[in-house]
Number of protein chains: 2
Amino acid sequence: MVTMRDVAERANVSIATVSFVINGTKPVAPETRARIEAAIEELDYRRNVVARALASSRTRILALLHPDFETRPNITVIQFVMSAAHGARERGYDLVLWPVNDGEQMSHLLAGGLVDGALLMEVQIRDSRVERLIASRVPFTLIGRTEDDDLPYVDIDFAATIDQAVEHLRGFGHRRIALVTQCAKVPPGNEPGRIMRAHAAYLDAMAALGEPPAVIAVEGTSEGGRVAARTLKDDFPEATAVILLNEGASAGLVKGSRALGRTVPDDLSVISASTAPEFGEMIEPSLTVMAAPATQLGRLAVNALIDKLDGVQEAPPHLLIPCALVPGESVGPAPA
Amino acid sequence: MVTMRDVAERANVSIATVSFVINGTKPVAPETRARIEAAIEELDYRRNVVARALASSRTRILALLHPDFETRPNITVIQFVMSAAHGARERGYDLVLWPVNDGEQMSHLLAGGLVDGALLMEVQIRDSRVERLIASRVPFTLIGRTEDDDLPYVDIDFAATIDQAVEHLRGFGHRRIALVTQCAKVPPGNEPGRIMRAHAAYLDAMAALGEPPAVIAVEGTSEGGRVAARTLKDDFPEATAVILLNEGASAGLVKGSRALGRTVPDDLSVISASTAPEFGEMIEPSLTVMAAPATQLGRLAVNALIDKLDGVQEAPPHLLIPCALVPGESVGPAPA
């Protein structure tokens with residue numbers, strides 16, 4: 001049987017260097033890497049990952065638990081997934097995708113002993129998947145938060161994001177500002193944490209302004225956006241600006257408003273929060289967005305989890321990063 | 001040590017039924033499943049997936065090889081990824097995500113013996129990742145095609161898709177039809193297979209029409225779309241319609257044309273091929289798209305691979321499915 005030592009001798013490097021290449025645990029000079037990869041191929045070496053896992057009781061596999069997306073996932077979600085996969089590979093781990101909507105579906109996954117740890121996306125305020133993870137004793141990091149702030153998480157700072165959006169709009173003279181969120185197919189009070197937290201921050205900001213709040217929850221679709229445009233016109237005609245926490249509805253809101261005779265930004269200013277700038281550019285007029293730090297958070301989450309698995313973590317992560325304002329052409333002065 | 005038999009006795013079911021739940025290999029009635037899951041939890045049973053893999057020399061893990069996306073992945077790409085992950089789970093397999101751009105990066109992944117098989121996305125006409133897969137003797141299925149049509153693949157039928165788009169435009173009186181593709185960061189002749197094949201089908205269709213071809217390759221961004229709009233106006237002013245094989249540039253093409261005084265569809269008709277209808281709806285006017293069968297292809301690819309691994313496949317898959325036309329508001333009669 002070919003061993004790692006054989007590969008090291010053939011490539012004329014140390015066993016440690018071979019290990020760095022095979023496990024992806026340390027950068028190795030390209031020429032050295034090429035020599036080692038050639039030796040691996042010539043000798044038909046296959047490190048037995050399974051035998052190693054049995055010996056170490058570690059598989060170096062992480063699970064990314066994401067919902068069984070009924071609506072289309074957006075660019076931000078994809079950036080989370082891809083950056084987590086990259087970050088895992090860079091530290092010699094592999095990321096498996098597990099589509100699960102609730103804790104009930106997870107037993108046969110967790111019972112398998114396949115994964116060393118888990119990342120959880122689209123976290124709800126009360127989330128049965130989190131309860132199941134805690135019961136399973138599999139280490140995890142949340143991308144998002146439940147109502148229990150003590151669990152390990154990385155998250156968008158929705159309160160700071162909403163505050164910044166309101167401040168930007170106030171700079172253009174807006175005071176009557178509506179919030180458009182996404183309907184969740186879960187019992188009230190159990191919505192995704194981001195909607196609960198953004199909602200609360202919005203209510204606080206309106207109270208501080210001394211203005212009445214106006215919140216509209218619609219589907220995350222073009223049709224949802226058109227419904228929001230009509231509701232805004234009919235029920236909240238005094239609103240001169242709107243903050244969306246619903247990327248999927250943003251284009252429909254702009255198109256729907258136009259169809260109702262209200263132009264963005266002359267009659268209505270629009271900010272789409274937690275939205276990729278590439279997305280905002282596609283709309284006419286280009287949307288002013290708050291860009292989600294998705295790539296950064298995906299990497300932070302996977303690194304925090306691996307730090308815990310490798311025993312180098314001092315305290316569970318509690319990281320909040322706000323979205324960054326990227327001005328487009330959808331915010332203008334408030335109509336007189 | 002707790003065994004599967006203990007779980008079966010506690011839940012008062014057969015060992016086979018416990019196995020169906022744990023391996024996800026057969027549907028089990030919800031009440032029975034709940035009883036088995038409760039028994040698993042009460043007994044703290046952990047099937048040792050690692051020991052099983054060692055015994056069977058199978059890990060039941062598949063890799064999805066996708067590029068290290070430099071530009072944003074689109075909805076279609078994510079539908080491939082998610083549907084493959086779902087399809088794998090339904091047959092008791094797990095899907096790991098491997099971001100790799102070329103075969104050089106794959107040795108340490110394949111040498112690990114972690115995966116039973118691989119799916120490959122964004123396949124190029126000549127693709128070093130495919131060569132490395134063949135050398136590694138890891139079974140695979142391509143989502144896309146190289147120049148070697150004998151390899152196992154599922155793919156969009158780009159020739160039929162382009163033909164259908166041309167036919168749709170001809171029904172509106174268009175004859176001078178341009179094609180906008182995406183620049184690939186690879187040597188000429190080594191582009192993604194979809195671009196090569198769509199290009200060839202387009203040239204054939206124009207030859208059949210007796211009209212000169214006009215092909216523009218731009219970045220898959222809003223800026224790329226604006227470049228295409230200007231090139232169309234300056235270099236191909238006689239073109240009355242355009243077929244995009246570049247979703248990322250489609251919004252920029254429409255906005256850029258408008259900025260140059262050319263309205264869609266009055267002055268220029270637009271079809272965006274291999275594009276999700278939800279995406280087309282966001283543009284003003286709503287784009288006529290050819291919807292990619294991404295979810296269907298993702299499942300077909302993973303099922304074909306698992307059929308091969310399970311020894312129930314008779315011949316390697318060679319499956320082609322065309323995009324489906326979804327009319328929007330971006331195609332109108334050719335200007336006189």
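Residues numbered from 1 in each chain as written. Chains lettered and ligands numbered in written order. Predicted model: local features only at pLDDT ≥ 70, side-chain atom pairs only at ≥ 80, totals over all residues. Heavy atoms only, no water.

Q: Please provide a residue-by-residue account of the overall build of chain A, values included.
A: Helix and strand content of chain A: 13 helices and 12 strands. Principal-axis analysis of the C-alpha atoms gives chain A an extent of 80 × 45 × 35 Å. Expressed as a percentage of its 336 residues, the buried residues of chain A come to 57%. Long-range pairs, those at least 24 residues apart, make up 71% of the contacts in chain A between residues at least 6 apart in sequence. Within the structure as shown, chain A displays about 13,100 Å² of accessible surface, and the carbon and sulfur contribution to it stands at 51%. (Helix = DSSP H or I, 4+ residues; strand = E, 2+ residues; numbered from the N terminus. Buried < 20%, exposed > 50% of the residue type's maximum accessible area, 1.4 Å probe, protein only. Contact = heavy atoms within 4.5 Å. Areas by Shrake-Rupley, 256 points an atom, 1.4 Å probe, with all protein chains shown as cover.)

Q: Could you give me a rundown of the sheet that holds strand E4 (residues 140-143) of chain A, with the residues and numbers involved?
A: With respect to topology, 12 strands assemble into an open sheet ordered E11(A)-E5(A)-E4(A)-E3(A)-E1(A)-E2(A)-E2(B)-E1(B)-E3(B)-E4(B)-E5(B)-E11(B), the strand pairing being mixed. Two strands close off the open sheet at either side, each with one partner strand: strand E11 (318-321) of chain A together with strand E11 (318-321) of chain B. Between one strand axis and the next, the sheet turns by 20° as a mean value, whatever way the strands run. In terms of strand pairing, strand E1 (residues 61-66) of chain A meets strand E2 (residues 94-99) of chain A through six bridges, oriented parallel. When the sheet's bridge partners are listed, A:Leu65 is paired in E2(A) with A:Trp98. (Pairing = 2+ DSSP bridges. Axes fitted to C-alpha atoms, helices over the stretch in contact; angles between N-to-C directions.)

Q: An account of the pairing of strand E5 (residues 153-156) of chain B is requested, with residue identities and associated values reported.
A: Residues and elements named next belong to chain B. Because side chains alternate across E5, one face comprises the buried residues Tyr153 and Asp155, and the other comprises Val154 and Ile156, equally buried. As defined by bridge partners, strand E4 (residues 140-143) adjoins E5 across two bridges and the pair is classed as parallel. Each bridged residue has a counterpart across the sheet, and for Leu142 the counterpart in E5 is Tyr153. Both E5 and E11 contribute to a ladder of four bridges, which runs parallel. Considered in E11, the bridge of Val154 is made with Leu319.

Q: Pulling in residues and values, what's your account of helix H8 (residues 158-171) of chain A?
A: Residue and element names in this part refer to chain A. Over its 14 residues, H8 extends 20 Å from the first C-alpha to the last, a length consistent with the 20 Å expected when each residue adds 1.5 Å. The N-capping residue of H8, defined by a side-chain oxygen 3.4 Å from the backbone nitrogen of Ala159, is Asp157. Looking at the residues trailing H8, positive phi occurs at Gly173, about 90°. (Expected span 1.5 Å × (residues − 1). Polar contact = N/O pair within 3.5 Å; in protein donor to acceptor, adjacent residues only side chain to side chain.)

Q: Describe the environment of B:Gly87, and please don't skip the residues or the numbers.
A: Residue and element names in this part refer to chain B. Within the secondary structure layout, Gly87 lies in helix H5 (residues 75-90). Judged by relative accessible area, which is 3%, Gly87 ranks as buried. Considered as a pair, Gly87 and Leu300 are 213 residues apart in the sequence and their alpha carbons are 8.5 Å apart. In contact with Gly87, not counting residues within four places along its chain, are Arg299 and Val302.

Q: Report on the domain arrangement of chain A, specifying residues and quantitative values.
A: Per the domain assignment, the segments of chain A are domain 1 (4-47), domain 2 (56-156 + 294-321) and domain 3 (158-291). The centre of domain 1 of chain A, based on its C-alpha atoms, is set 54 Å off from the matching centre of domain 3 of chain A. (Domains from an automatic or database assignment.)

Q: Can you explain the sheet that holds strand E10 (residues 288-291) of chain A? Please cite residues and give values.
A: Residues and elements named next belong to chain A. Here we have six strands laid out as an open sheet, ordered E7-E6-E8-E9-E10-E12, and mixed in their pairing. The outermost strands of the open sheet, each flanked by one partner alone, are strand E7 (215-218) and strand E12 (324-326). Each strand of the sheet is rotated relative to its neighbour by a mean of 20°, with strand direction disregarded. Direction of pairing for E10 relative to E12: antiparallel, over a ladder of three bridges. Looking at the pairing, Met290 lines up with Leu325 of E12.

Q: Could you give an account of the pairing of strand E6 (residues 177-182) of chain A, with specific residues and numbers?
A: Residue and element names in this part refer to chain A. Burial analysis of E6 places five of its six residues in the buried class, the great majority of the element. Of the pairings in the sheet, the one linking E6 to strand E8 (residues 241-244) comprises four bridges and is parallel in character. Counterpart to Ala178 in the pairing with E8 is Val242. Bridge analysis of E6 against E7 gives four bridges, and the strand direction is parallel.

Q: Hey, could you go over the packing of aromatic side chains for me, with residue numbers and the actual values?
A: When we look at a pair of aromatic rings, we describe it by the centre distance and by the angle of the planes. One pass over the full model with this rule turns up zero aromatic pairs over all chains. For B:Arg145, the ring lying beneath its charged end belongs to B:Tyr153, and the centroid distance is 5.3 Å. (Phe/Tyr/Trp six-rings, centres within 6.5 Å; stacked < 30°, edge-to-face > 60°. Lys NZ or Arg CZ within 6 Å of the ring centre and 35° of its normal.)

Q: So what's going on with the nonpolar core? Residues and values would help.
A: Of all hydrophobic cores here, the largest spans 149 residues; its most connected members are A:Leu62 and B:Leu62. If you look at the next biggest cluster of nonpolar residues, it comprises 42 residues, including A:Val100, A:Val115, B:Val115 and B:Leu133. (Core = buried A, V, L, I, M, F, W, Y, C linked by side-chain atoms within 4.5 Å.)

Q: A description of the packing of helix H8 (residues 158-171) of chain B against helix H9 (residues 193-209) of chain B should follow, citing residues and the corresponding values.
A: All names here are of chain B. Put simply, H8 and H9 touch, their axes get as near as 8 Å, and they point 40° apart. Put simply, H8 runs oblique to H9. When you trace H8 past H9, the crossing you get is right-handed. On H9, the residues touching Phe158, Ala159, Ile162, Asp163, Val166 and Arg170 of H8 are Arg194, Arg197, Ala198, Ala201, Tyr202, Ala205, Met206 and Leu209. For the contact of H8 with H9, the per-class residue count stands at 10 nonpolar, no polar and four charged. (Parallel < 35°, antiparallel > 145°, perpendicular 65-115°, else oblique. Left-handed = near helix turned anticlockwise from the far one by under 90°. Nonpolar A, V, L, I, M, F, W, Y, C, P; charged D, E, K, R; others polar.)

Q: Would you mind going over the confidence of the model for chain A in detail, with residue names and values included?
A: With 92% of its residues at a pLDDT of 70 or more, chain A shows a mean pLDDT of 88. Ranking the elements of chain A by mean pLDDT puts helix H4 (residues 49-56) of chain A last, at 64, and E8(A) first, at 98. (pLDDT = per-residue confidence, 0-100.)

Q: I'd like a description of the side chain of B:Thr240, backed by residues and values.
A: By the secondary structure assignment, B:Thr240 is in the loop between helix H10 (222-235) and strand E8 (241-244). Residues contacting B:Thr240, with those up to four places away along its chain left out, are B:His174, B:Arg176, B:Asp267, B:Leu268, B:Ser269, B:Ala334 and B:Pro335.

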